[in-house]
Structures are given as structure tokens and as C-alpha cells.
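Residue-level structure breakdown
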Amino acid sequence: MGSVKATDQKIDHEIEEQEDDYSLDKVPYKERNMGWFSITNITFGIATAIFYFQLGSVMALQFGAVNALISAGYAIIVAGIMGTIISYLSARSGMNVNLMSRGGGFGYIGASLTSLIYASNFIMYCAFEGMILVYAVHEFFPAIPLWLLIVVFGTLVIPLNWFGIKQLDKLQKWSLPIFFAFLIAAITVALFTTSLYDGRFWTYMPEGVQIGGTALLMCIGMQHGIMGLTALLASDYARFLKPEHLKVGSVMIGVIPQIFCYGVMGGLGIWFGVRLAEPNPGVYIVQLLGIGGALFTMLTQIRINVTNIYSSSLSLSNFFENVFRFTPGRRFWIVVAGVTAMVLMLGGIVDHLDAALIFQGVFLLAWAAVLIADALIVKMMLKIGPAFYEARQEKLYKWNPVGVVALIVSSALGTVAALGYMGTFLENTAAFFAAALAAALTVLMAVLTKGKYYLRNEVDDIDKEDYLYEPRTKQKRTVPVRRPVTVNAKAMNK
């Protein structure tokens, strides 16, 4: 009896966990009950990462402040548009990008490959962000060994993810005011610190560097490494959006975090970097605020890493459920993602960050382009394939050449371009090149295959609220009715 009771409790626990975050299925229409403000607040976990400080500081000191600022504007516009579309599709369907990919041109095994690479990107970022925190604390407490700090802070994000999106909402809400208090303090102290550059910060330009040209392209190339991630990330949370907030909420969730990522945090990183002549925020924030700087860094990095672990756990759940039918639950994958990030930190993954960013920027922007082109052009304009997203394996083909071919070809050519084999211009715009190519190939493959591989079986149980557009009703074929021939008896007699 005891074992039966324990088994029942385990099943109830897994059902409760599944209902909380719907890691393997779409969020039901009636469960989409979060306002756009709460969801936008959660996405601020990634928007407030110190990584954007570092990105801005490095670009300004290497390629000039103006070039860094122009690239920030470019990132806000492109990532904002992509993020808005992805958020809308997610909120309309109740699915994140992993689930949308199944019926959005990839098939359920094809979508699993995107889920695995997506998860690896989040885990890599978790390791990188974690190392910023570790170095900041180590700067203030050098007696504590790095490995111990890695284990402590790497373990901390696991329990903070345990209870899903509702816990993330609470964590981000109470920590956001504290973040802003530290941020204002850092800006104030920096204002009263003598600048190491005499002119206005936006006029800073390294010797031999000019506005535009290769320097600007280099900055844009660095932005590409993160833009696809911030655009796709919104889908993990937008799927819980209230239906009445669909239009306004999609814009808010898609644009506001991008403005804060690249405009506010990136812009401050440019200002801090030029003023203090230091590219590493883990160093200059501690120098400005002392122990407060270490606490500030700790807070920001914990905020970003709980979102990194959350999104990676969803992607890992999708991959292993699709390919191996292994469904231990999202919390199991939280532990796996957290431990993997710690192993990468201990192994020095940050030393290979540049190479990882090249592939990541190409792949993620190409993936986002496939989803957007499939929804807006293939499904809505050309009316090829279903007017909804289907994620159930029994209804899908393993592979859909529309998305798989588009992603593989565009990512391969984009990587070749990023490695410098197609000239300087494409080397620094490789991710944008891959995205444009992916969109074009998606449409071409959909036309060639005539939407044959979107659904294996007929689907007639999709709620009308989950349709991307109002489908055309099938016109019944009308057969003309022949009137019976009437015979005039009198005429016959004549």
C-alpha cells in the first residue's frame, strides 16, 4: 500500500508540475491569465544582465562609442520587430518556440534538434553570466577559491526555478526595485568619479578607427550574437498572456526588453567603459560600489540565470520527450541544466565565447526567420499548410523539409560567411544574411512541397481561439438540380 501511495503522490506531483508550466504542451486558452506587465517584468531578468554592460563597454573601447550606439539602435529595431512577432504567435497559440517549431515547418524530430541547440545556448549563457558574478565576488574576496564560488552560485539558481513561472514572477518583481537602487548608486558614484577620458563619452574613438565601415559592422556582428536569443526567449513567457492583452501585450513583451537590453544597459555600458577605461563590469562595478558592487553583480546575474535555466529546462524537456520519450519532468532538467553550466564554468567555457557567439547568432536568427516567414508568408499570406500550430507527435511527420532544409542550408552558409570566407561585409553580417536566406528558403520549400509535410493526420479539434487567422470555410459543391420535364398532353394529341 505504501508503494502505491508513493506512486500516486509522484504522479500527482508530475501532473501539478506539468500544469504549472506546460513544458510539453501548449498552455490551454483558459490558463492564459497573466497580464503583459507581469510577463514583461519576468523578461527583465535577461534585460538587466550585466552582460549588456560588458557588450557596450567592449564595443565602445574597441570600435568607438558612436559605432556602438548605432549598433544598439539597430539591435533594438530588428530584435524588437522579431520579438513582437514571436510574442504574438506564442500568445495566440499558447506555445513557446520549441512547440511552435513542430508545426511551424520542422516536424517533431526536426524541432527537437532546434530545442537541443536552443538549450545549449541558454546553458552556455548561464555559464558566462555566472562567471561574471564569480569574478566580481572574487575581486572583493580573493581568498575564496573560484571553484567554490562557481559551485555556490551555480547551485543557487536551481531552487529559485523549482516552482516555475509564478515563482519567477515574484522573484523578478521584488528584486527589480533593488536592482534599480544599485544601478542609480553606480551611476551617481561614476558621475563624481574623475573620467579618464576628457571629452564627451560619445565622441570617444580609438586611434585609427572611423565612424561606420568595418568598425560599425564589427559592432553589429557582436550584437547578432545575442539578438536572436532575446527575440526567441519571449515565447517562453508570452504563451501565458491574457487573450485580451494580445495585441498591446505582444508589442510590450517584444520591444520593451530590447530597449532596455541594448539601449539602457548597453548604453550605460558604453558610458561606463569610456569613462572608466575598463571593459569588464565585474571589475568597475566593484571598484565603484565596493561590497555593494559585489551584491549588485550577484543580484543581476541571479536574475538572468534563473531565466536561462528556466528556458533551457523547457527545451531539454521537449528534446528528450520527442526523441527518447523520456519525461522525468521539468525540475529534473533544471538540475541537469544547472549542473552542466557549473561544469562548463569549471572547464573555462568563457575562453571560447567568441567562437560560440558566431554559431549562436547565425543559428538563432535563422531559426527565428524560419518561424516568422512560415507564419506570416506561408500560413497567413499563401495559405499553405494549416492555419494553426500542431504539436502532437501522432499528428505530425518526423521531418518537415520546409524548416529543416531552410535552417540547415542558411546556418551552414551563414557560418561559412562568419568565418570570413565570403568577404568582410558578410563576415560581420553573417547572422542577418543567414536570417534572410532562411526566410526565402522557407517560402520556396513550402511552395515546392505544397504544404504536404505539415500534418500527417487530419486535425479537427483545434479551438478557434488558437487559429492564427480565420480559415476559409470550405464551399460545398452545389450540383444543379434538373427540373423534371413536363409533358403537355394536349400538345401531344395535336
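To be clear, the structure that these remarks concern was listed above.
The paragraphs below set out a description of the structure included in this document. (Residues numbered from 1 in each chain as written. Predicted model: local features only at pLDDT ≥ 70, side-chain atom pairs only at ≥ 80, totals over all residues. Heavy atoms only, no water.)

**Quick word on the pattern of salt bridges**
Counted by the stated rule, this structure contains 6 salt bridges. Between lysine 26 and aspartate 466 there is a salt bridge, with the nearest N and O atoms lying 2.6 Å from each other. In this pair, lysine 26 sits in the loop between α1 (2–21) and α2 (36–47) while aspartate 466 sits in the loop between α17 (430–449) and α18 (489–493), placing the two residues 440 residues apart along the sequence. The pair lysine 26 / aspartate 466 is uniform in exposure class, with both members buried. One network of salt bridges, with partners in common, ties together Lys26, Arg32 and Asp466. (Salt bridge = Lys/Arg side-chain N within 4 Å of Asp/Glu carboxyl O. Helix = DSSP H or I, 4+ residues; strand = E, 2+ residues; numbered from the N terminus. Buried < 20%, exposed > 50% of the residue type's maximum accessible area, 1.4 Å probe, protein only.)

**A word on the packing of helix α6 (residues 146–160) against helix α13 (residues 330–346)**
Two measures define how a pair of helices packs: the angle their axes make with one another and the distance between the axes. It is at 9 Å that the axes of α6 and α13 come closest, and there the two elements cross at 160°. In this view, α6 runs roughly antiparallel relative to α13, as classed from their interaxial angle. The chirality of how α6 crosses α13 is right-handed. Residues Trp147, Ile150, Val151, Gly154, Thr155 and Ile158 of α6 lie in contact with α13, whose contacting residues are Ile334, Val335, Gly338, Met342, Met345 and Leu346. Per-class residue counts for the contact of α6 with α13 are 9 nonpolar, 3 polar and no charged. (Axes fitted to C-alpha atoms, helices over the stretch in contact; angles between N-to-C directions. Parallel < 35°, antiparallel > 145°, perpendicular 65-115°, else oblique. Left-handed = near helix turned anticlockwise from the far one by under 90°. Contact = heavy atoms within 4.5 Å. Nonpolar A, V, L, I, M, F, W, Y, C, P; charged D, E, K, R; others polar.)

**Comments concerning helix α4 (residues 65–93)**
Structural remark: α-helix, 3.6 residues per turn; residues separated by three or four positions point the same way. In this model α4 runs 41 Å from its N-terminal to its C-terminal C-alpha over 29 residues, within 8% of the 42 Å that 1.5 Å per residue would give. Of the residues flanking the end of α4, it is glycine 94, one or two places downstream, whose phi is positive at about 75°. (Expected span 1.5 Å × (residues − 1).)

**Remarks on helix α12 (residues 291–324)**
For α12, spanning 34 residues, the distance from its first C-alpha to its last is 47 Å, which sits close to the expected 50 Å at 1.5 Å a residue. A large share of α12 lies buried, amounting to 28 of its 34 residues. Remark: arginine 325 follows α12 within two positions and exhibits a positive phi of approximately 55°.

**Observations concerning the nonpolar core**
Tyr52, Phe53, Tyr118, Leu232, Tyr262, Phe272 and Trp367 are the most contacted members of the largest nonpolar core, which totals 113 residues. In terms of residue count, helix α14 (residues 353–381) provides more of this core than any other element does, 13 residues in total. The contacts of phenylalanine 272, once residues within four sequence positions are left out, are Phe53, Ala186, Ile187, Ala190, Ala277, Tyr284 and Leu288. Judged by nonpolar contacts, the second largest core, of 13 residues, contains Cys126, Val157, Ile302 and Ala341. (Core = buried A, V, L, I, M, F, W, Y, C linked by side-chain atoms within 4.5 Å.)

**Here's the deal with the packing of aromatic side chains**
Considering all chains together, one arrives at 27 aromatic pairs under this definition. Their ring planes at 80° and their centres at 5.4 Å tell us that phenylalanine 201 and tryptophan 202 sit as a pair that is edge-to-face. One aromatic cluster is present, formed by Phe319, Phe320, Phe324, Phe326, Phe332 and Trp333 through successive ring pairs. (Phe/Tyr/Trp six-rings, centres within 6.5 Å; stacked < 30°, edge-to-face > 60°.)

**Observations concerning the packing of helix α5 (residues 97–140) against helix α8 (residues 213–233)**
Axis separation between α5 and α8 bottoms out at 12 Å; the angle between their running directions is 125°. Relative to α8, the element α5 is oriented oblique. When you trace α5 past α8, the crossing you get is left-handed. Contacts between α5 and α8 involve Val97, Tyr118, Phe122 and Tyr125 on the former and, on the latter, Gly225, Ile226, Leu229, Leu232 and Leu233. Its residues placed into classes, the contact of α5 with α8 shows 8 nonpolar, 1 polar and no charged.

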